[in-house]
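So the chains spell out like this:
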Amino acid sequence: MIQLYQPLNFMGLVYREVKQAIIDIDMMSAILRSAPEVQDRPGAEALVVSRGHLRFEDVWFRYDPKRDILRGVSFDVPPGKTVAVVGPSGAGKSTLSRLMFRFYEPHRGRITVDGQDIAGVTQSSLRDAIGMVPQDTVLFNDTLGYNIRYGRWAADEAEVAEAARLAQIDRFVASVPEGYRAQVGERGLKLSGGEKQRVAIARTILKAPAILVLDEATSALDTFTEREIQDALDRVSRGRTTVVIAHRLSTVVNADEILVLDKGVIVERGTHDGLLERRGIYSAMWNQQREAEAVADMLRGSEAGD
Ligand code: ATP
């Protein structure tokens with residue numbers, strides 16, 4: 001009996017393994033179906049950027065069919081202006097930047113740059129026109145110079161140095177023995193989050209895109225680094241159409257318009273002062289953050305006094 005049982009048991013094992021493999025293939029194709037890579041449409045032409053006017057027109061989007069993430073979002077970023085998007089975690093802020101880059105496409109509505117629907121242009125021309133400073137910059141395992149020059153390969157040494165100065169990473173470069181030739185990454189220098197972000201800013205300054213998307217880091221930076229990065233970002237966004245995905249309200253005060261996004265809907269919009277006067281969600285968020293900062297300052301003060 002045992003002799004008969006063993007092969008059956010083995011067959012059972014094989015059956016389970018094969019079944020699991022089939023389930024894995026099914027799951028994989030479901031994942032691939034749910035995240036299809038956005039392709040250029042036949043005959044897509046290059047985006048022609050004249051002034052860098054960005055518009056979202058009644059944009060609806062969902063990652064999966066059961067839940068709308070953006071529900072009828074419309075806004076306008078006139079050439080050279082800055083619009084900041086704030087709102088609770090999960091509101092859909094970073095999703096806006098993914099749609100601008102066309103990692104995904106809206107299910108309804110459209111996004112235009114200088115009147116051209118971005119769904120109908122080539123992705124390469126769109127990504128040339130938009131510069132992104134992401135939340136977490138991944139550096140290449142290469143030199144510091146390579147990582148900055150990645151913004152524009154044709155840049156000469158003087159241009160790289162100027163971009164580094166504007167991004168306030170020049171003093172860091174000067175402090176390492178090999179300067180721009182220093183290796184970074186796994187087998188080289190380890191850069192802090194703030195240093196990496198400044199390399200990304202220098203890269204974007206070299207790229208000089210018509211439209212800039214800043215996805216602010218959620219991770220806490222110390223106040224000094226934060227101020228330095230803010231200065232660098234202010235410089236790169238000056239006179240350039242900019243969308244700031246903001247996780248800290250202190251960085252949005254000077255935006256031309258602030259959008260408060262909640263559960264995929266713009267629930268308030270206006271300038272910083274206008275929104276404070278309204279005493280709605282934005283002013284509540286502002287007061288809450290101010291209180292949190294005051295407590296953090298107090299704690300730092302008592303630590304320093306110990
Ligand atoms: P945070 O401030 O925390 O970064 P956010 O406002 O930027 O949040 P998004 O990253 O845009 O939020 O995410 C919006 C919603 O979409 C979240 O509920 C998130 O779980 C969901 N989501 C994000 N990416 C995907 C994805 N690839 N597949 C499925 N759901 C996703």
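Report on the accompanying structure. (Residues numbered from 1 in each chain as written. Predicted model: local features only at pLDDT ≥ 70, side-chain atom pairs only at ≥ 80, totals over all residues.)

**What to know about the sheet that holds strand β1 (residues 54-61)**
Okay, step 1: The antiparallel open sheet is built from four strands, whose spatial order is β2-β1-β4-β5. The open sheet has two edge strands, β2 (70-77) and β5 (116-117), and neither has a second partner.
Okay, step 2: Of the pairings in the sheet, the one linking strand β4 (residues 108-113) to β5 comprises two bridges and is antiparallel in character. Bridge assignment links V113 to a residue of β5, and that residue is Q116. (Pairing = 2+ DSSP bridges. Helix = DSSP H or I, 4+ residues; strand = E, 2+ residues; numbered from the N terminus.)

**Side note on helix α7 (residues 193-207)**
Okay, step 1: Across its 15 residues, α7 extends 21 Å between first and last C-alpha, which sits within 8% of the 21 Å expected from 1.5 Å per residue.
Okay, step 2: With respect to burial, α7 is a largely interior element, 12 of its 15 residues being buried.
Okay, step 3: The set of residues buried in α7 consists of E195, K196, Q197, R198, V199, A200, I201, A202, R203, T204, I205 and L206. (Expected span 1.5 Å × (residues − 1). Buried ≥ 20, exposed ≤ 12 C-beta atoms within 10 Å, placed from the backbone.)

**What about the sheet that holds strand β6 (residues 130-133)?**
The pairing of strands in a sheet happens through backbone hydrogen bonds and is either parallel or antiparallel.
Okay, step 1: A sheet is described by the order of its strands in space; here six strands give the open sequence β6-β7-β8-β3-β9-β10, paired in mixed fashion. The sheet terminates laterally at β6 and β10 (265-270), the two strands that pair on one side only. Across this sheet, the average inter-strand angle for adjacent strands is 20°, counted without regard to direction.
Okay, step 2: Pairing of strand β9 (residues 257-262) with β10, which is carried by five bridges, proceeds in the antiparallel orientation. Each residue of the ladder has a partner; that of L259, found in β10, is R269.
Okay, step 3: Here α7 sits on the sheet and contacts β6 and β7 (211-215); the angle it forms with β6, its principal contact strand, is near 170°. (Axes fitted to C-alpha atoms, helices over the stretch in contact; angles between N-to-C directions. Contact = placed C-beta atoms within 7 Å.)

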